[in-house]
Amino acid sequence: MSESQSLDSLAIAVNDKIAIGKDREKPYIGLEHLESQGARLLGWSQADSSISTNSVFRSNDVLFGKLRPNLRKCVLAPFDGYCSTDIVVLRAKPGIDPRFLARVFQTESVGAEAEKTAIGTKMPRTSWGQLKHHLVFAPHLDEQSAIARILDTLDTQIERTQALIAKLEQVKEGLLHDLLTRGVDENGELRPSAEDAPELYKASALGLIPREWEAIPLKSVIQHTIDFRGRTPRKLGMDWGGGDILALSANNVQPGRIDTSREAYFGSEELYQRWMTNGCTQKGDVLLTMEAPLGNIAQIPDDAKYILSQRVIALRFDPAQILNDFAFWQMQSEEFQTSMALRSTGRATALIHHSGLIPRTRM
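Residues numbered from 1 in each chain as written. Predicted model: local features only at pLDDT ≥ 70, side-chain atom pairs only at ≥ 80, totals over all residues. Heavy atoms only, no water.

K.L.:
What exactly am I supposed to notice about the sheet that holds strand S16 (residues 245–248) here?
P.N.:
Sheet strands line up and pair through hydrogen bonds in the backbone, either parallel or antiparallel. Across the sheet, which stays open at both edges, the three strands sit in the order S19-S16-S22 with mixed pairing between neighbours. One side of each edge strand has no neighbouring strand; the edge strands of this open sheet are strand S19 (265–267) and strand S22 (306–308). When the angles between neighbouring strand axes are averaged without regard to direction, this sheet yields 40 degrees. Judged from the three bridges that link them, S16 and S22 form a sheet pairing that is parallel. Of the residues in S22, the one forming a bridge with Leu246 is Tyr306. (Pairing = 2+ DSSP bridges. Helix = DSSP H or I, 4+ residues; strand = E, 2+ residues; numbered from the N terminus. Axes fitted to C-alpha atoms, helices over the stretch in contact; angles between N-to-C directions.)

K.L.:
Can you walk me through unusual backbone geometry in this structure?
P.N.:
Residues apart from glycine generally show negative phi values, whereas peptide bonds are mostly found in trans. Even without a glycine there, the phi angle at Arg72 is positive, about 55 degrees. You can see Arg72 is positioned in the loop between strand S7 (62–65) and strand S8 (74–76). According to the relative accessible area criterion, Arg72 is buried, its value standing at 15%. Even without glycine at this site, Gln310 takes up a positive phi of about 45 degrees. On the secondary structure map, Gln310 appears in the loop between S22 and strand S23 (312–317). (Buried < 20%, exposed > 50% of the residue type's maximum accessible area, 1.4 Å probe, protein only.)

K.L.:
Any chance you could explain the sheet that holds strand S9 (residues 81–83) here in plain terms?
P.N.:
Taken in spatial order, the five strands make up an open sheet running S3-S6-S9-S4-S5, and their pairing is mixed. Each edge of the open sheet is held by one strand with a lone partner, namely strand S3 (17–18) and strand S5 (45–46). As judged from the two bridges shared by strand S4 (residues 27–29) and S5, these two strands associate in the antiparallel manner. Looking at S5, one finds that Pro27 is bridged to Gln46.

K.L.:
Honestly, helix H7 (residues 334–343) in this entry has me stumped. Any pointers?
P.N.:
Since one α-helical turn is 3.6 residues long, residues separated by three or four positions face the same way. Of the positions making up H7, those classed as buried are Phe336, Ser339 and Met340. Taken down its axis, H7 places every buried residue within 100 degrees of arc, on the same side. What points out from H7, more than 90 degrees from its buried face, is the exposed set Glu334 and Leu342. (Arc of directions from axis to C-beta.)

K.L.:
Just to check I follow, could you spell out helix H1 (residues 98–105) for this structure?
P.N.:
Burial analysis of H1 places six of its eight residues in the buried class, which makes it a mostly covered element. What H1 keeps buried is the set Phe100, Leu101, Ala102, Arg103, Val104 and Phe105. One side-chain oxygen at the N-terminal end of H1 lies 2.8 Å from the backbone nitrogen of Arg99; it belongs to Asp97. (Polar contact = N/O pair within 3.5 Å; in protein donor to acceptor, adjacent residues only side chain to side chain.)

Given below as structure tokens:
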């Protein structure tokens, strides 16, 4: 076997369909059950949950999502069952390791070809007829199996790492709550709880807080607000591009961080000067998304220039009263997020002025 093969020399498309008489004991897999940009099966439903015609697949068939192929949905079936007709069922030919075949269809090369050959605008679909002539790497069977084993081992380690990260995130959430409601004592240790040491706490609009703290409105400690929502390059008679200044939208401001891997626009120096007329961002400024989604918090990480666009504002706090770094964590707390959601009016100034109180150690 040569090392370069067309996809149809590795697999056949299975066209078995069923509309009535489904085995209720068998599972049904829809596109929603396939992980985007991954290789995991996220779940399944009972066969009778789908009343339409389904494709029939077997264990070790490759299930490849042909609808919106940019989502890169592809898994190796772990059992027999039924699936959506928006999923292509592919079966390895003799001499092809099914695990290796699945990895081939998960490659960027095949994903890019599926996108390129997709037809339609709102709901683009590719087809086996369009994909089957695409050339891919295909070694001998022994090497296929070795490659599949290595990648399976890596996936197992990734899943274990992700599970550990999820546990650590839960620990962080609990610690964040304790630190922002109990604080630390003079030794840098977490204070005893109000239940264990009620004399250390007092009542406030935030509930019980340490006696040394004050509860103050957010608006009273904001030094500067940068808000250019509603501004677009077109309104300025310009367009995106022509430079390398990142425009931060709500798409890029994710919980706790700026995500530059998501779709982003870049502006020129001229656009930046005409856009950021209310002041420039500074390292440490706290970013807040004002809608869709509401309440994502991040921080400006450096002294680079940024353009604020699409539902994002920046807050700079009075350093004599509260640190930007502390406000960044405080605004991520469950209490603050809940208060902000309850007080949301769709108007930035109202939200900033009235959303929650924050604790502050007396100066």
